[in-house]
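Close look at the chain arrangement
In case you want the letters, here they are:
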Amino acid sequence: ANGCSRRLTDDEFDRYSRQMIVPGMGKEGQLRLINSRVLVIGAGGLGCPAAQYIAGAGVGTIGIIDNDVVEASNLHRQVGHATSRIGMKKVDSLITHLKELNPLPTYVPYPFQLTPQNAADIISKYDLVMDCTDNPVTRYLISDVCVLVRKPLVTAAAIQKSGQLTVLNCPPTPQGLVDSEYAPCYRCCFRKPPPPSSMVSCGEAGIMGPVVGMMGVAQAGEAIKILASALHMPVAKNVGDNNTPEKNLKQPTLLIYTFDLESAVGPYSFRALKMGGRKRNCFACGENSTLTLEGIKTGNPDYVQFCSAPAPVVSL
Amino acid sequence: ANGCSRRLTDDEFDRYSRQMIVPGMGKEGQLRLINSRVLVIGAGGLGCPAAQYIAGAGVGTIGIIDNDVVEASNLHRQVGHATSRIGMKKVDSLITHLKELNPLPTYVPYPFQLTPQNAADIISKYDLVMDCTDNPVTRYLISDVCVLVRKPLVTAAAIQKSGQLTVLNCPPTPQGLVDSEYAPCYRCCFRKPPPPSSMVSCGEAGIMGPVVGMMGVAQAGEAIKILASALHMPVAKNVGDNNTPEKNLKQPTLLIYTFDLESAVGPYSFRALKMGGRKRNCFACGENSTLTLEGIKTGNPDYVQFCSAPAPVVSL
Amino acid sequence: MSGATETAEIPITVDFSGGLEMLFDNQRRHSVSLPAVDANGKPATIAFLIDYLCKNLMQDPRAELFVLDNHIRPGILVLVNDADWELEGEEAYEIQPRDNILFVSTLHGG
Amino acid sequence: MSGATETAEIPITVDFSGGLEMLFDNQRRHSVSLPAVDANGKPATIAFLIDYLCKNLMQDPRAELFVLDNHIRPGILVLVNDADWELEGEEAYEIQPRDNILFVSTLHGG
Ligand SMILES: [Zn+2]
Ligand SMILES: [Zn+2]
């Protein structure tokens, strides 16, 4: 079942034929997807479409982690849930939907919160992580663990009329190897969280469904590319083929989507921003990083405090 | 029930609160959506996500037209269907899903093909049309009828690793009024179909799920903008407020999305192309147009022949 | 890059999208040094560029997927610096240095 | 547009995204004629631009949503011509004519 050169079953062939004939996919790409494990962190507005499209595409193992239950106010944007499942754990609700869409993948429910204590155990079981969460505390935790256990991270966020998406830590590179050739982590790009006073949640600020939907589908798209084309494989493991990381992985693109209620899609609806490579002084992946899995488990760094500290007062 | 200033029910308030608090939406925008009727033509890879997000957002009446039945090979990308509904009419399968997502809208199934004979009767019952079809014959028919019965058209298409989206005929303007101030129709932008030899269907050429998914969600986004902000209301009806059509409606943006399996999202993944305004010599909306509803019903123009004719040989 | 003499060639980028890249070595972006004038000494137009691309850049024998009867085939949009060429004069538009010309096949799938 | 003398001002565009436009008259793009030198006669840098925007363009009294202690507040990315300002020298980058400077608030919702 783990072989990358096995035959496809008739069932798989029927289901995946329309993507297998796309140039660049083929049976190889399809088998890579079938042999892949993806962790979707967050079963909300990003996680629903992200999970739908990777499940449809045939990713073999899909883990979903979320502690929330479905509410009526989720349903304008969280299209993997249903009115009859209000009150159910989101993880179970979404897996119900995904099994109907595609029964072939293995779905693994984690109906609780990702914490510094459980993050490394869970994330290390997967090949790729999709950050579909809604708060900076979890976002920094996910990225730090992805650096330490070496997993590529497809991260997105959305609020009101704005969305953002980027691919980080891909291919994953050992902590402390610093060189502009390596892909950055979340902290390389977003060194510090905003002060809590400037942050609002989707509950407080609102969110348009298609904005978060676009970002979730785009996350699935990036995950499928990475896994089907093995873009996440460390370069050193691919001696012989010229699989050097693409420049837009080393210096990834931050895609921003702006939804303007007063006008149609226009020249600035999407912008592609060039981020830097891995930062020598990054707290997580940089050359003097003291970040360890053991530290994370025992409360170092303190993510809650990191994200709630008011910005330091500097006298100039 | 038709009042634009009625109170929202508790149920509506619970369900739509997260988008109503988005700046620019408000109760006014929500009531405009609730009082709107949208026709989704095609219940496939575009129609599924397009319908999910307009249903979630609370569009009051949603018509869906499609003659096909659900097949296993649809399910990698047609996320509104389900394995247990293989063999069911797509229209009924998708409405089953949408009712679970949001029971409040009225869903109208049209489980047959859109034809020159039935198109005007159906389309004239709606406020906005989403073209989610998969063939040029229907695309030209839809646009021609939208010109004649004055409906805005949100059109998208996708194949293999490419997607396209644009908003046309918005606000709708009477046929024959020609002036660069008016928005173009599909024929203004795409005068002639490609010769059949250069065309392939998703069945033959393949399609990546997230590509068609992105375009379908984007269609829902454009429809929501247009209806919630009343961008489709003819300018003349809005004397007194300065609601002149946005430049990117008069000269709409054609959004193109390119999915590159070998690299992450990058600077050219999305491009915004500026199309021209209404064309004086357009076959459908131009000043000497002979297109009529009666003609369409009686086979003039002949859409099948128009789309299957080999390109004329011109000797220069 | 191509040994152009300074005055005789116009450096431009030519992009292909919507499947047309398959006809051009599967590459979406090409840097092209276009002769500044055609055989008759007239300034290089888009008509001239289309002919030049067929003769010099197309890898695929199926030229009819790109041109028909010396014109761009129906179903291909031509964009000059991201604007529909109908806004710029279509085939008669005179190519300027550093122009970006995009050819995109219109799609119908869904 | 703003009666600039020819040599003393630099014409640039300044964009706001991710919600920051709310602090600047709900407008996503602004054309700005920036003084070419600061009060000390030094060339205008991004640090100078940020200060200038606070004093001249911001409509909202909540300046702390944009700057903290005279620096851009944490959680705002600054992009110079669509590239992270860290690739360009951050606050010390000297503004060039026709630069596009984008301020985008990083998002965390989902
Ligand atoms: Zn880092
Ligand atoms: Zn027209």
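About the thresholds
- Residues numbered from 1 in each chain as written.
- Chains lettered and ligands numbered in written order.
- Predicted model: local features only at pLDDT ≥ 70, side-chain atom pairs only at ≥ 80, totals over all residues.
- Heavy atoms only, no water.
- UniProt positions renumbered as here; feature names shortened; annotations may be inferred.
- Least-squares fit on C-alpha atoms with pLDDT ≥ 70 in both.
- Contact = heavy atoms within 4.5 Å.
- Buried area = accessible area lost by both parts, 1.4 Å probe.
- Polar contact = N/O pair within 3.5 Å; in protein donor to acceptor, adjacent residues only side chain to side chain.
- Helix = DSSP H or I, 4+ residues; strand = E, 2+ residues; numbered from the N terminus.
- Nonpolar A, V, L, I, M, F, W, Y, C, P; charged D, E, K, R; others polar.
- Donors = N, O, S within 2.8 Å, 3.2 Å for Na, K, Ca; no water.
- Tetrahedral: all angles 85-135°; square planar, octahedral: opposite > 155°, others 65-115°.
- Buried < 20%, exposed > 50% of the residue type's maximum accessible area, 1.4 Å probe, protein only.
- Phe/Tyr/Trp six-rings, centres within 6.5 Å; stacked < 30°, edge-to-face > 60°.
- Axes fitted to C-alpha atoms, helices over the stretch in contact; angles between N-to-C directions.
- Parallel < 35°, antiparallel > 145°, perpendicular 65-115°, else oblique.

Looking at an unreviewed UniProt entry, one finds chain C named Ubiquitin-related modifier 1 and attributed to Corynascus novoguineensis. Chain C has a UniProt comment under Pathway (unreviewed entry) that states "tRNA modification; 5-methoxycarbonylmethyl-2-thiouridine-tRNA biosynthesis." The UniProt entry for chain C carries this comment under Subcellular location (unreviewed entry): "Cytoplasm".

This brings us to the relation of the copies chain A and chain B. Superposing chain A onto chain B takes a rotation of 180° plus a shift of 0.0 Å along the axis, which leaves an RMSD of 0.0 Å. Overall, the copies show the geometry of a two-fold rotation axis. Rotation axis and chain A: the residue whose C-alpha lies nearest the axis is A:Met214, separated from it by 2.9 Å. Both copies contact each other with a shared surface, as 100% of the interface residues of chain A are interface residues in chain B too.

This next bit is on the arrangement of the chains. The assembly contains four pairs of chains in contact; the pair sharing the most contacts is chains A and B. These two, chain A and chain C, are apart from each other, with no contact and a minimum C-alpha gap of 10 Å.

Turning next to the interface of chain A and chain B. Listed as interface residues are 72 residues of chain A and, on the opposing side, 72 residues of chain B. At the boundary of chain A with chain B, total buried surface from both sides reaches about 6200 Å², with 64% on carbon and sulfur atoms. In this assembly, chain A and chain B are joined by 22 residue pairs in polar contact (both at pLDDT 80 or more). Broken down by element, the residue count for the side of chain A that touches chain B peaks at 12 residues, all from helix H9 (residues 209-228) of chain A. In terms of residue class, the side of chain A that touches chain B is made up of 36 nonpolar, 24 polar and 12 charged.

Bringing the coordination of the zinc ion (ligand 1) into the picture now. All names here are of chain A. In the first shell of the zinc ion (ligand 1), the protein supplies Cys-185 (SG), Cys-188 (SG), Cys-282 (SG) and Cys-285 (SG), at 2.2 to 2.3 Å from the metal. In this structure, the zinc ion (ligand 1) is coordinated by four donor atoms arranged in tetrahedral fashion, with angles at the metal of 94 to 121°. In the primary sequence, the donor residues of the zinc ion (ligand 1) line up as C-x2-C-x93-C-x2-C. Pair noted here: Cys-188 is in helix H7 (residues 186-189) and Cys-282 is in the loop between strand E8 (270-274) and helix H11 (293-297), with a separation of 94 residues, a long-range link. Taken as a pair, Cys-188 and Cys-282 share a single burial class, namely buried.

Attention shifts here to the packing of aromatic side chains. Given two aromatic rings, their pairing is described by the distance between the two centres and the angle made by the two planes. All names here are of chain A. Under the definition given, this model contains 25 aromatic pairs over all chains. With 5.0 Å between their ring centres and 85° between their planes, Tyr-140 and Phe-306 make a pair best called edge-to-face. Taken together, the positions of Tyr-140 in helix H6 (residues 136-149) and Phe-306 in helix H12 (residues 303-308) put the pair 166 residues apart, joining distant regions of the chain. For the pair Tyr-186 and Phe-190, a centre-to-centre distance of 4.8 Å together with 40° between the ring planes defines the contact as tilted. Of the two residues, Tyr-186 and Phe-190, both sit in the buried class.

Residue A:Pro171 follows A:Cys170 across a cis peptide bond; omega there is -5°. Topologically, A:Pro171 is positioned in the loop between strand E6 (162-168) and H7. In the segment running from B:Asn300 into B:Pro301, the intervening peptide bond is cis, with an omega of 10°. Looking at the secondary structure, you find B:Pro301 in the loop between helix H11 (293-297) and helix H12 (303-308). Here D:Asp25, not a glycine, exhibits a phi torsion of approximately 60°, which is positive.

Here we come to the packing of helix H2 (residues 26-34) of chain A against H9(A). Residue and element names in this part refer to chain A. Contact geometry for H2 and H9: axes closest at 8 Å, N-to-C directions at 110°. On the basis of the axis angle, H2 is roughly perpendicular to H9. Contact residues: Gly-29, Arg-32 and Leu-33 in H2; Ile-224, Leu-227 and Ala-228 in H9.

Quick look at the coordination of the zinc ion (ligand 2) now. All names here are of chain B. Of the protein atoms, only Cys-185 (SG), Cys-188 (SG), Cys-282 (SG) and Cys-285 (SG) coordinate the zinc ion (ligand 2), at distances of 2.2 to 2.3 Å. Each of the four donor atoms around the zinc ion (ligand 2) contributes to a set of angles spanning 95 to 122°, which defines the coordination as tetrahedral. Counting gaps between the donor residues of the zinc ion (ligand 2) yields the pattern C-x2-C-x93-C-x2-C. Here Cys-185 is found in the loop between strand E6 (162-168) and helix H7 (186-189), whereas its partner Cys-285 is found in the loop between strand E8 (270-274) and H11, with 100 residues between them in sequence.

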